[in-house]
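Structural characterization, general
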Amino acid sequence: VSATPAEWVDERVGASAVAAKALRKAFPDHWSFLLGEIAAFAFAVLVGTGLFLTLFYEASAQTTVYTGAYPPLQGTEMSAAHRSVVALSFDVPAGLLMRQTHHWAALVFVLAIVAHLCRVFFTGAFRRPRELNWVVGVLLLALALVNGFAGYSLPDDLLAGSGLRILEGVILSIPLAGEQLALLLLGDLLDREQLLSRLFVVHVLLVPAALATLIAVHMAILLRQKHTQHRRPGRTQRNVVGQALFPEHAMLSGGILLCVGAVLFALGGLVEINPVWRRGPFDGTVVPSPVHPDLYQLWNSGALRLFPGWEPEILGVRAPLNVFLPGVVLPLVVFGVLLAWPFLEGRREPEKVHHHLLDRPRDAPGRTAYGVFALTLLGLLTAAGGNDVVARALHAPVETVNGVLQVLCLVLPPLAALVAYRVCVRRREAERG
Amino acid sequence: VRGLLVALLGLLSGLLWRRVRPLPDPLVVAALGLSALGSLGFVVVYVLGADTRLLGVTMATALGGLGSALVLWVRRDMPRHLVEEPWEPPVPSTEEREALRRELARMPRRRFVERLLLMAGGALGLALAVPAASLGPRPGGRRRRTAWEAGVRLTTDGTEPVRPGDLGVGEILTAFPEGHPADARAQVNLIRLAEGDDGLVAYSRVCTHAGCAVGLYQPESQRLFCPCHQSQFDVLDGARPIAGPAGRALPRLPIESGPDGVLRATGDFPDPVGPSTWERA
């Protein structure tokens, strides 16, 4: 007779030996190894709150009249989708809490992924044999951005509509296939019935399923390859030293999961985010001002704002380079370089070395310099995404702010990279005496 | 009643406390108590009208209390203990690789059949991909035409006609083709630059950069602004882009004053409206 349910299961699947070994898995106890976990926890909050929202959201462009608890919109004509989001915010108990927590969790999800990516990049954790997991991680980031955009579009408010029109404009700028692709992906933007149901399926099923699958792959590869570790006494190329999975790491990790949830719910309850009811329902002839996407998409908007209005004629064909280069080529280059990075760096190594101990940023001045270049450019483009806000704050014309930012984009990233390189080399030399 | 409740609670906690040895970390106990209070508070707030702020605070207390209790427990009550695992690069040995190769080699080589298999598989893949075409209608010059044509009257909402006298100098209104209210592709900014019939211009209200509505007008500088990416167009110079990322002028709708005194189009826009595609200039 089995004493506990756990023993009952164990007697049928024989898990004792595996479990005992698994519970002793070593987790490096440096704080930076928790960034990826924070992203995973934000994902858990996204799934939980998202499930709640899914039960109330209506993916339909059918015109209805709002008759809920929010007085300013009483009697306003709007799509069923927008009405369901306004109702979620004012008429469903705890609906606004779930909506806002979901939105905050999306921001934290992307930012934690980027922070985790920076940790892995600047310490060289992506090197052989872990290139594959780097690729999976970059795909996770791309999917997170895609789903962020799809989610941003679902409330069918003025901003969502503007975002979709800009996306259509960007797709139209693709040579030859632009028009066909825009129609295939977005359909006729004026017929939003189809578009909303497609975005809904993309946002709640396709991309989340892909994210969950890739997160599982990310974890499976990590378990197989084990964690990297910083150079410390007792840590070699042939061991992993750290906290045991159980109880120390499980408790710490569970505690942080709950604390991430606490922060997100506090933000969701106290700090307003995406108040769709204030801008009103989508209307193709009205555009709100200012128009800003979510924080993690600002670099895209910034690139579109900063790029000069080049629309030259090439062999009698008008080429909208002003949209194609910043809107299509730049993101492709960014993600292309990210995907290729471990292989670019690996090709410069004479032998097939397996890296297990991590670099400090100063140990690889070249890599650090490239990383600083990319982050500086990203920061400037993000600032450019709010060039109207900057201009208003400085009481300067937008053209002037744009001009300054254009120059900075050309000058500052190489300068920052050079400084980073020099600092790394200097500090390394100082260490060697 | 309240005194009785306090006494009962005191007795209960006293009884519990005596049985707990060694005494637990008071911070952990406090965090767990706070968490339970938060959960209880969440339910109470939900029942009493579900105020968003209080819901957020109570849920954060419930989660944060539990989370910090776990972290505090690890940090304060467990000795720092490191484990060591061996690490080998995940490279298979020659024998392992050979064993896998032997298993794979049990498949007989039939080059011709393999090639046919690839071809048939590829054809199947293509066939399965074709229904994706159902996603969109076929493009067919749809983007090049709008609802405007010669004789179509300008209206403010699809029915209310616009007359030249409706606008003073420096004034602007959004106009739509008659019978097409809120047509996002055909919308125009109608602006009076000067007195007389020649003083009126109508420019497409769809940005040639990324397709937003060019919804802002500054009469002092005679500029139209797009709020999405801050493109600016000079109304006095054929709505040419003068700042920002737009690269093409807003198409101008040819208009005239009709015999009934109502403004009407004399044709469609001469250029495509909205974002540019790669096409013959």
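A brief report on the enclosed structure follows. Just so you know, the residues in each chain are numbered from 1, in the order the chain's sequence is written. Here every chain gets a letter starting at A, and every ligand a number starting at 1, in the order they are written. With the structure being a predicted model, the display of local features is reserved for residues of pLDDT at least 70 and the display and counting of side-chain atom pairs for 80 or more, all residues being used for whole-chain, interface and lining totals. In computing side-chain properties, one takes all heavy atoms of the structure into account and sets aside hydrogens as well as water.

1. Re the overall build of chain B
Which entries qualify depends on this criterion: Elements are defined by DSSP. Helices are runs of H or I of four residues or more, strands are runs of E of two residues or more, and each kind is numbered from the N terminus. For this measure, only C-alpha atoms enter the radius of gyration; the expected value for a globule follows 2.2 Å times N^0.38, where N is the number of residues. Throughout this description, buried means an accessible area under 20% of the type-specific maximum (1.4 Å probe, protein chains only), exposed means over 50%, and partly exposed covers the range between. Residue contacts follow a heavy-atom distance rule, with two residues in contact if any of their heavy atoms lie within 4.5 Å. Using a 1.4 Å probe, the Shrake-Rupley method yields the accessible areas, and only the shown protein chains count as cover for residues. Positive residues here are Lys and Arg, negative ones are Asp and Glu, while His and the chain termini are left out of the count. Charge placement uses NZ in Lys and CZ in Arg. For Asp and Glu, CG and CD serve respectively.
Within chain B, the regular secondary structure consists of five helices and 12 strands. For 281 residues, the compact-globule estimate of 2.2 N^0.38 gives 19 Å, and chain B exceeds it by more than 25% at 37 Å. Counting only residues that meet the buried cut, chain B has 38% of its 281 residues in that class. Considering only contacts within chain B whose residues lie at least 6 apart along the sequence, 46% involve residues at least 24 apart. For chain B, the accessible area works out to roughly 16600 Å², and carbon and sulfur atoms hold 62% of it. Each charge sign in chain B was given a centre, from 32 positive and 29 negative side chains, and these centres are 11 Å apart.

2. Topic: the interface of chain A and chain B
Heads up, the rule is: Here the quantity called buried area is the total loss of accessible area, with a 1.4 Å probe, experienced by two parts when brought into contact, counted for both. Definition used for salt bridges: Asp or Glu carboxyl oxygen within 4 Å of a side-chain nitrogen of Lys or Arg. Each polar contact in these results corresponds to two N or O atoms within 3.5 Å; when the atoms are within protein, one needs to be able to donate a hydrogen and the other to accept it, and residues that are neighboring in sequence are counted only if both atoms are side-chain atoms. Under the convention adopted here, Pro, Cys and the residues Ala, Val, Leu, Ile, Met, Phe, Trp and Tyr are nonpolar, Asp, Glu, Lys and Arg are charged, and Gly plus all remaining residues are polar. When DSSP locates at least two bridges between a pair of strands, those strands are taken to pair.
Contact with chain A, which involves 84 residues of that partner, is made by 79 residues of chain B. Overall, the association of chain A and chain B removes approximately 7000 Å² of surface from exposure, summing both partners, and the carbon and sulfur fraction of that is 64%. The tally of links from chain A across to chain B stands at six salt bridges. When the shortest N-O distance is used, the salt bridge between Glu 85 of chain B and Lys 226 of chain A registers 4.0 Å. Inspection of the region where chain A meets chain B yields 20 residue pairs in polar contact (both at pLDDT 80 or more). Tallying contributions element by element places helix H10 (residues 245-270) of chain A first for the side of chain A that touches chain B, with 16 residues. Of the residues in the side of chain A that touches chain B, the class split is 39 nonpolar, 27 polar and 18 charged. Inspection of the sheet shows strand S4 (residues 239-244) of chain A paired to strand S1 (residues 83-86) of chain B by four bridges, in the antiparallel sense. Residue pairing across strands places Val 241 of chain A opposite Glu 84 of chain B, the latter belonging to S1 of chain B.

3. Focus on the state of the cysteines
All names here are of chain B. Filter applied, for reference: Note that a disulfide, as used here, is simply two cysteine sulfur atoms within 2.5 Å.
Taken as a whole and assessed by the stated rule, the structure comprises one disulfide over all chains. At a sulfur-sulfur separation of 2.2 Å, the disulfide partner of Cys 212 is Cys 228. Looking along the S-S bond of the Cys 212-Cys 228 disulfide, the torsion reads about -85°, which is the left-handed sense. Separated by 16 residues along the polypeptide, Cys 212 in the loop between strand S5 (200-204) and strand S6 (216-218) and Cys 228 in the loop between strand S7 (223-225) and strand S8 (232-234) bring together distant segments of the chain. The class for Cys 212 is buried, based on a relative accessible area of 1%.

4. Some details on the nonpolar core
The test is simple: Throughout, nonpolar core names a set of buried Ala, Val, Leu, Ile, Met, Phe, Trp, Tyr and Cys residues whose side chains join them through atoms within 4.5 Å.
The biggest cluster of nonpolar side chains holds 46 residues, and the ones touching the most others in it are Phe 109, Trp 134, Leu 141 and Leu 211 of chain A. The set of elements that each furnish at least two residues to this core consists of helix H3 (35-54), helix H5 (95-122), helix H6 (131-153), helix H9 (192-225), H10 and helix H13 (321-347) of chain A. Among the elements that take part in this core, H5 of chain A stands out by supplying 13 residues, more than any other. With sequence-adjacent residues up to four places away left out, Phe 109 of chain A is seen in contact with Ala 39, Ala 42, Phe 43, Leu 46, Ala 144 and Leu 211 of chain A. With 27 residues, the next largest nonpolar core counts Leu 224, Cys 228, Ala 239 and Leu 250 of chain B among its residues.

5. Digging into the sheet that holds strand S1 (residues 26-27) of chain A
The cut-off we apply is this: Only the stretch in contact is used when fitting a helix axis, every axis being a line fitted to C-alpha atoms; angles between N-to-C directions are given from 0 to 180 degrees.
Here three strands make up an open sheet; going across it, the order is S1(A)-S4(A)-S1(B) and the pairing antiparallel. Sheet topology places S1 of chain A together with S1 of chain B at the edges, where each strand pairs with a single neighbour. Both S1 of chain A and S4 of chain A contribute to a ladder of two bridges, which runs antiparallel. Residue pairing across strands places Phe 27 of chain A opposite Gln 243 of chain A, the latter belonging to S4 of chain A. Along the sheet, H10 of chain A contacts S1 and S4 of chain A; its crossing angle with S4 of chain A, the most-contacted strand, is approximately 70°.

6. A few points about the pattern of salt bridges
For the structure on display, the rule yields 25 salt bridges over all chains. Here Arg 305 of chain A and Asp 388 of chain A are joined by a salt bridge, their closest N and O atoms 3.1 Å apart. With Arg 305 of chain A in helix H12 (residues 298-306) and Asp 388 of chain A in helix H15 (residues 387-394), this residue pair connects regions lying 83 residues apart in the sequence. When its relative accessible area of 0% is taken as the criterion, Arg 305 of chain A is described as buried. The buried category is assigned to Asp 388 of chain A, whose relative accessible area is 5%. In this structure, Arg 264 of chain B engages Glu 256 of chain B in a salt bridge whose closest nitrogen and oxygen atoms are separated by 2.7 Å. Since its relative accessible area comes to 26%, Arg 264 of chain B is described here as partly exposed. Three or more residues joined by partner-sharing salt bridges are found here, namely Arg 127, Glu 345, Asp 359 and Arg 367 of chain A.

7. A few points about the packing of aromatic side chains
Residue and element names in this part refer to chain A. Note the threshold: Any pair of Phe, Tyr and Trp rings, taking the six-membered ring for Trp, is counted once the centres come within 6.5 Å. Such a pair is stacked with planes under 30 degrees apart, edge-to-face with planes over 60 apart, and tilted for the rest. We count a charge as sitting over a ring when the NZ of a lysine or the CZ of an arginine lies within 6 Å of the ring centre and within 35 degrees of the ring normal.
In total, this model carries 15 aromatic pairs over all chains according to the counting rule given. For the pair Phe 121 and Phe 126, a centre-to-centre distance of 5.9 Å together with 25° between the ring planes defines the contact as stacked. One aromatic cluster is present, formed by Phe 121, Phe 122, Phe 126, Trp 134, Trp 341 and Tyr 370 through successive ring pairs. Lys 25 extends its terminal NZ or CZ atom over the ring of Phe 27, reaching a point 5.2 Å from the ring centre. Against the face of Phe 33 rests Arg 119, its NZ or CZ located 4.1 Å from the ring centre.

8. Re the packing of H6 of chain A against helix H7 (residues 158-172) of chain A
Residues and elements named next belong to chain A. Condition: An angle below 35 degrees is read as roughly parallel, one above 145 as roughly antiparallel, one from 65 to 115 as roughly perpendicular, and any other as oblique.
It is the contact of H6 with H7, at a shortest axis distance of 8 Å, that shows an interaxial angle of 130°. On the basis of the axis angle, H6 is oblique to H7. In this structure, H6 contributes Phe 149, Tyr 152 and Ser 153 to the contact, and H7 contributes Leu 159, Ala 160, Gly 163, Leu 164 and Leu 167. In terms of residue class, the contact of H6 with H7 is made up of six nonpolar, two polar and no charged.

9. Topic: the side chain of Asp 156 of chain A
Residue and element names in this part refer to chain A. Topologically, Asp 156 is positioned in the loop between H6 and H7. In this structure Asp 156 comes out as buried when scored by relative accessible area, which is 4%. Setting aside anything within four residues of it in sequence, one finds Asp 156 in contact with Ser 79, Ala 81, His 82, Arg 192, Leu 196, Pro 281 and Phe 282.

10. With respect to the environment of Arg 279 of chain A
Residues and elements named next belong to chain A. Mapping Arg 279 onto the fold places it in helix H11 (residues 276-279). Distance from Arg 279 to Leu 158, taken between C-alpha atoms, is 6.2 Å for residues 121 residues apart in sequence. Ignoring any residue separated from it by four or fewer positions in sequence, one finds Arg 279 in contact with Asp 157, Leu 158, Leu 159, Asn 274 and Pro 288. In this structure the side chain of Arg 279 is engaged in a polar contact, spanning 3.1 Å, whose partner is the side chain of Asp 157.

11. With respect to unusual backbone geometry
Residues and elements named next belong to chain A. In this structure, Pro 129 follows Arg 128 across a cis peptide bond, with omega equal to 10°. For Pro 129, the position within the fold is in the loop between H5 and H6. In this structure, Pro 247 follows Phe 246 across a cis peptide bond, with omega equal to 0°. Topologically, Pro 247 is positioned in helix H10. The phi torsion at Asp 156 lies on the positive side, around 60°, for a residue other than glycine. For Lys 226, which is not glycine, the phi dihedral falls at a positive 65°. Mapped onto the elements of the fold, Lys 226 is located in the loop between H9 and S4.

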